[in-house]
Amino acid sequence: LGLFLPQPFRLDVYVDGVKLGPEFDAANAAAFSGAGAPRLPTQADAHGVHAFEPRDRRFYITLRGGAGRKAGGGEVVLRLRMVVQLSLTTSVAAADFDGASLISNLATLLSIDPSRIKIVSVQTRAQVAGGARRRLSEGSEVIVQIAGEDEDEDDPVVDPTPAGNNVTNATDAANVTVVGSGFDETSVAQVQSIATQVQATISDGSLATTLASAVGGTVDVDEVAASEVDAPFP
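Being a predicted model, the structure only gives us computed values, none of them experimental.

Thresholds, definitions, all that
Residues numbered from 1 in each chain as written. Predicted model: local features only at pLDDT ≥ 70, side-chain atom pairs only at ≥ 80, totals over all residues. Heavy atoms only, no water. Helix = DSSP H or I, 4+ residues; strand = E, 2+ residues; numbered from the N terminus. Buried < 20%, exposed > 50% of the residue type's maximum accessible area, 1.4 Å probe, protein only. Contact = heavy atoms within 4.5 Å. Areas by Shrake-Rupley, 256 points an atom, 1.4 Å probe, with all protein chains shown as cover. 1 Å grid on protein atoms, 1.4 Å probe; cavity = no way out; pocket = protein on both sides within 12 Å on 5 of 7 lines; lining within 4 Å. Points joined across faces, edges and corners; volume = space filled by probe spheres on them. Pairing = 2+ DSSP bridges. Axes fitted to C-alpha atoms, helices over the stretch in contact; angles between N-to-C directions.

**Q** Can you explain the overall build of the protein? Please cite residues and give values.
**A** The helix and strand tally for the protein stands at 4 helices and 10 strands. For the protein, the sequential pattern of α-helices and β-strands runs β-β-β-β-β-β-α-β-α-β-β-α-α-β. Relative to its 234 residues, the protein shows a buried fraction of 45%. Contacts in the protein between residues far apart in sequence, at least 24 positions, make up 69% of those at least 6 positions apart. Carbon and sulfur atoms provide 48% of the accessible area of the protein, an area that totals close to 11600 Å².

This is the structure in structure tokens:
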């Protein structure tokens, strides 16, 4: 199943009410329990294995049937959360990138819980260039998402195949639900506050210094983007 995300959002995956950990994230080379990460999910992967592909802005997830069932190996809920997304370029090679240190330092700088920060992609410069033959300098490109404070998980169902500003082109699949985090004024204000804080740390140079200290190399902030939703809020 592939979901096109026209703007930054985080999708948390739940199976039968249990949130899946990073061992199910095929884009997470450090924590994924399978082989070959970072990569996209395949039909051979376990039910719920997922990954975000930043180049085509699609979230992929593997759905498998259980014994005697056609609807899937367990009910899947994709929880949509608003985020601030940072696109970074670092001189450190992807294989040497210290994601845990970056998350820790960034959380300290912004005075937030580290669980709100997720590294969704670490790619070599060659991967980002699409395998181009031109010579590329050593280094990697990193996408980091910072979510608002965790909210009540008894969230309303938004739409299994939503349209508009949020998620589009969702392939029909049985037993899959996409839910939002309410997207009320508080959620929007939290994300706007994070974005303002991040911009301030870019202006005073503390963000680049903090990230460079974490990864052991230079870091450039290429883009800062935040989730946007249409009003009125539900």
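That was the structure; now back to the text.
**Q** Pulling in residues and values, what's your account of the layout of surface pockets?
**A** Estimated volume of the largest pocket: approximately 790 Å³. Along its surface, the largest pocket is lined by 36 residues, and Pro22, Asp25, Asn28, Lys118 and Ile119 are the ones closest to its centre. Ranked by the residues each element gives to the lining of the largest pocket, the list is headed by strand β7 (residues 117–124), at 7 residues.

**Q** Tell me what's going on with the sheet that holds strand β5 (residues 58–61), and back it up with residues and numbers.
**A** Neighbouring strands of a sheet are bound in pairs by backbone hydrogen bonds; such pairs are parallel or else antiparallel. Judged by pairing direction, the sheet is antiparallel, and its 3 strands sit side by side in the order β1-β5-β4 without closing on themselves. What marks the edges here is a single partner per strand, and that holds for β1 (2–4) and β4 (50–53). Averaged over all pairs of adjacent strands, the angle between strand axes in this sheet comes to 15 degrees, irrespective of strand direction. Pairing of β4 with β5 involves 4 bridges; the strand directions are antiparallel. Across the sheet, residue glutamate 53 finds its bridge partner in β5, namely arginine 58.

**Q** Break down unusual backbone geometry for me, citing the residues and quoting the values.
**A** The peptide bond linking alanine 37 to proline 38 adopts the cis configuration, its omega dihedral lying at 5 degrees. If you trace the backbone, proline 38 turns up in the loop between β3 (18–19) and β4. The phi angle at aspartate 16 is positive, at roughly 50 degrees, despite the residue not being glycine. For aspartate 16, a relative accessible area of 51% gives the class exposed. For serine 111, which is not a glycine, the phi torsion comes out positive at approximately 55 degrees. Its location among the elements puts serine 111 in the loop between α1 (99–110) and β7.

The quantities given are spatial measurements derived from coordinates; they are silent on function.
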